[in-house]
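An overview of the molecular structure
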Amino acid sequence: AGIPASKAINDAAGLLKKRGYRVDVRDADGALPSLGAERGFLKEVGNLVFHTSLIGVLVSVAIGGLFGYSGQRILVEGETFVNTLVGYDQFTPGTNFQSSSLQPYSVRLDKFQATFDRESPKKTGQPIDYTAEVTTKEDPGAPEQKEVLKVNDPISLGGTSLYLTGNGYAPVVTVRDGDGNVAFQGPVTAKVQGANYYSSVVIKVPDGTPDQLGFNGFFLPTAFESEQGISFSADPALANPQLNLDSYYGDLGLDEGTPQNVFELDVKNLTQLNGRKLEAGGIVLGLGQTATLPEGKGSITFDSVKKYIGVDIHHNPGQLYALIFGLLAVGGLMVSLYVNRRRVWVRTGTHQDGRTMVEYGLLARGEDHRLAGEAAALREIFAREWNLPESPEPPAPRTVSSSTSKDQ
């Protein structure tokens, strides 16, 4: 049985809709019905999403710069950090930062464990893993939570992220002044300077009487002495801890209110008491040992060794939004690259021999290397719908239009 042109155009419209085209049928019941179809609108959506998301990323970064903050804190085992301005060793606020935005959470370092390689002869002593066991509280009234802080595995508190960035040893010392009173007692952060945790040490004792005292030198977790009499650390673990110090007395310059680096000792206004070039010699202390200072200036005792960690603290309120917009931008870009805009036109008419003739053509907006394949696919579904014989020859690779006819 023959199929009129109106039915043929409606059949074509239905097939194109199934392939995701938007179809507009024109003059469906007229003598020359036709249609226009288009697909690939998602490409434009992807374009819009991509460019809008880039703006979102910029806005998110700006929000982080305005209202975020970062800081650092060194925590010795047993110490607690409370998220207040005075609790930071170093603090960098955003442009519009307000101290009232600091949530008063707390972090206590319970134990720090460093694991070193003991299996490989060539790599023995190299660090394998760092683990900090901490106790946290979201606010003063919140219950305590036990958490583990590791390298590249931060913990989150109060909208901030805490990262483990460093570690070392903190010798615990007791310094008595010339009157025999305890002028200083507690851990001293030793700054790692070389292999096997060779670390520099600075101790400032401003409360000593009759003179302020200062010490600088180095700490060795596993002390050995070379044939030349030079002390060095043979291993990063605590096997034979030793303090090597020079001592000074005088004015430390702390009473002037000028900020000083805690890891440096300014000796220009100090008189040296101990040193390798002095008659009294330098101070060498093993664990539990005490050294008496010359001229009755006091004494120093090496009590024990604790471990410390360095923590980087970052608060960026725009970070999550920057991530979301960044993912949207990537998604939008992928859609705009891989989705193609295509147009199809179909028209019908009557051939001179009386058959209903269907002609169709395709056009891509921009480069579309799959357009020839789409033309072949349309030829196949039209032939299947109308029981037409298969095309004897496949279309050329760059074909953008073709035609077929339907027997009445």
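Anything mentioned here points back to the structure above.
An account of the accompanying structure is given in this report. Owing to the predicted nature of the structure, the values given are computational and were not obtained by experimental measurement. (Residues numbered from 1 in each chain as written. Predicted model: local features only at pLDDT ≥ 70, side-chain atom pairs only at ≥ 80, totals over all residues. Heavy atoms only, no water.)

**Focus: helix 3 (residues 319-338)**
Taking 1.5 Å of rise per residue, the 20 residues of helix 3 would be expected to cover 28 Å, and the 29 Å separating its terminal C-alpha atoms lies within 8% of that figure. Restricting attention to buried positions, one finds in helix 3 the residues Ala329, Gly332 and Ser336. What you see down the axis of helix 3 is that its buried residues fit within an arc of 70°, all on one side. Projecting away from the buried face of helix 3 at angles above 90 degrees are the exposed residues Leu320, Leu323, Leu327, Leu337 and Tyr338. Buried residues belonging to helix 3 abut helix 2 (41-67). (Helix = DSSP H or I, 4+ residues; strand = E, 2+ residues; numbered from the N terminus. Expected span 1.5 Å × (residues − 1). Buried < 20%, exposed > 50% of the residue type's maximum accessible area, 1.4 Å probe, protein only. Arc of directions from axis to C-beta. Contact = heavy atoms within 4.5 Å.)

**Here's the deal with the pairing of strand 22 (residues 342-350)**
Relative to strand 22, strand 2 (residues 34-39) is paired through six bridges, and the arrangement is antiparallel. The residue of strand 22 that forms the bridge with Gly36 is Trp345. As paired elements, strand 22 and strand 23 (residues 356-364) share nine bridges and run antiparallel to each other. Bridging from a neighbouring strand, Gly349 pairs with Met357 of strand 23. (Pairing = 2+ DSSP bridges.)

**What about helix 4 (residues 371-385)?**
The end-to-end C-alpha separation of helix 4 is 21 Å, in line with the 21 Å expected for 15 residues at 1.5 Å each. Residues Leu371, Ala372, Glu374, Ala375, Ala377, Leu378, Arg379, Ile381, Phe382 and Ala383 constitute the buried set of helix 4. Once helix 4 ends, the next one or two residues include Asn387, with phi positive near 55°.

**Structural notes on unusual backbone geometry**
With an omega of 0°, the peptide bond running from Thr209 to Pro210 counts as cis. Inspection of the secondary structure assignment puts Pro210 in the loop between strand 13 (199-205) and strand 14 (212-220). The phi torsion at Asn152 lies on the positive side, around 65°, for a residue other than glycine. Here Asn152 lies in the loop between strand 8 (145-150) and strand 9 (155-157). With a phi angle near 55°, Asn196 is a residue other than glycine that sits in the positive phi range. Relative to the helices and strands, Asn196 is located in the loop between strand 12 (191-192) and strand 13.

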